[in-house]
Amino acid sequence: RQRGVMRVNCIDSLDRTNVAQFCVGKCALGYQLYGLGMALSPRLERDARVIPVLLDMYERMGDRIAMQYGGSEMHRQMANDKT
């Protein structure tokens, strides 16, 4: 059951928007894995094996969006911000 909507938008930085979306996605993934019985807790720890996979997905998505909007790849801020 959906209880709300999450929207993230930063008017001056696709990188910050992507970092925020990664944080929301990480939280949602934790609850999904927990709901499927694949995790013992809905909270994903920083060293969870799925985090690098999720981070790579968001970096690739950020590159594609940055290319569409600005003509260059994102600045790789996400690698520094690992949540």
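Calculation notes
Residues numbered from 1 in each chain as written. Predicted model: local features only at pLDDT ≥ 70, side-chain atom pairs only at ≥ 80, totals over all residues. Heavy atoms only, no water. Helix = DSSP H or I, 4+ residues; strand = E, 2+ residues; numbered from the N terminus. Buried < 20%, exposed > 50% of the residue type's maximum accessible area, 1.4 Å probe, protein only. Contact = heavy atoms within 4.5 Å. Areas by Shrake-Rupley, 256 points an atom, 1.4 Å probe, with all protein chains shown as cover. Salt bridge = Lys/Arg side-chain N within 4 Å of Asp/Glu carboxyl O. Phe/Tyr/Trp six-rings, centres within 6.5 Å; stacked < 30°, edge-to-face > 60°. Expected span 1.5 Å × (residues − 1). Disulfide = S-S within 2.5 Å.

### Focus: the overall build of the chain
At step 1: Scanning the chain from terminus to terminus reveals three helices and zero strands.
At step 2: A total of 83 residues make up the chain; the buried ones form 28% of that total.
At step 3: Sequence-distant contacts, at least 24 apart, represent 45% of the contacts inside the chain between residues at least 6 apart.
At step 4: Accessible surface, the chain: about 6,500 Å² in total, of which carbon and sulfur atoms supply 53%.

### So, the pattern of salt bridges
At step 1: This model, assessed by the stated rule, comprises two salt bridges.
At step 2: Two residues, R43 and E45, come together in a salt bridge whose shortest N-O distance is 3.0 Å.
At step 3: Classification of E45 by relative accessible area gives partly exposed; the value is 42%.
At step 4: D56 is paired through a salt bridge with R60; the nearest N and O atoms lie 2.9 Å apart.

### A word on the packing of aromatic side chains
The description of an aromatic ring pair uses the distance of the two centres, along with the angle that the planes make with each other.
At step 1: Going through the model one piece at a time under the given rule, you end up with one aromatic pair.
At step 2: With 5.7 Å between their ring centres and 85 degrees between their planes, F22 and Y58 make a pair best called edge-to-face. In this pair, F22 is assigned in helix 1 (residues 14-35) and Y58 in helix 2 (residues 50-70), connecting sequence segments 36 residues apart.
At step 3: Judged by relative accessible area, which is 11%, Y58 ranks as buried.

### A few points about helix 2
Since the α-helix packs 3.6 residues into each turn, any two residues three or four apart lie on the same face.
At step 1: For helix 2, which comprises 21 residues, the first-to-last C-alpha distance of 30 Å matches the rise-based estimate of 30 Å (1.5 Å per residue) to within 8%.
At step 2: Those residues of helix 2 that fall on the buried side of the exposure criterion are I51, L54, L55, Y58, E59, G62, D63 and A66.
At step 3: One or two positions beyond helix 2, positive phi appears at G71, with a value near 80 degrees.

### Structural notes on the state of the cysteines
At step 1: Tallying each qualifying case throughout the model produces zero disulfides.
At step 2: Free of any disulfide, C23 has its nearest cysteine sulfur in C27, 9.6 Å distant.
At step 3: Given a relative accessible area of 31%, C23 falls into the partly exposed group.

In short, geometric facts, not functional conclusions.
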